[in-house]
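Now for the letters of each chain:
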Amino acid sequence: MSLRLGWAEWRGPVARKKNIRRKKQHKPVLETAAVPANGRRKHRHWEVTIFYQDGKKFARVYIDRARAERFAERQKKSPVVRTARVREVG
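Values in this document were obtained by computation on a predicted structure and should not be read as measured data. (Residues numbered from 1 in each chain as written. Predicted model: local features only at pLDDT ≥ 70, side-chain atom pairs only at ≥ 80, totals over all residues. Heavy atoms only, no water.)

Student: With reference to specific residues and values, describe the pairing of strand 1 (residues 45-52).
Tutor: Taken across its eight residues, strand 1 has six buried, putting it largely inside the fold. Here strand 1 pairs with strand 3 (residues 81-89) via eight bridges, running antiparallel. Each residue of the ladder has a partner; that of W46, found in strand 3, is E88. Relative to strand 2 (residues 57-62), strand 1 runs antiparallel, the two sharing six bridges. Across the sheet, T49 pairs through a bridge with A59, a residue of strand 2. Following strand 1, the chain reverses through four residues before pairing antiparallel with strand 2; G55 in that reversal takes a positive phi of roughly 95 degrees. (Buried < 20%, exposed > 50% of the residue type's maximum accessible area, 1.4 Å probe, protein only. Helix = DSSP H or I, 4+ residues; strand = E, 2+ residues; numbered from the N terminus. Pairing = 2+ DSSP bridges.)

Written out as structure tokens, the structure is:
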């Protein structure tokens, strides 16, 4: 007979919960968004290009078209901006 107690004997009987697998509630995916084979969600990109009077240009990319258009309209109000263009990329 061993004087050393194992972990189970020292701790005593323990009621353990079983690992219960629950189904995840998935959020509905937009109908327009196609899911390719690799599982990534497809979305569009909109590039806003700002052309300045001094010939320089600046571009920023948005995922949301409405935000891109709001940014372009805001930039057009500046006197140093010659033009602002929104186009779809990728």
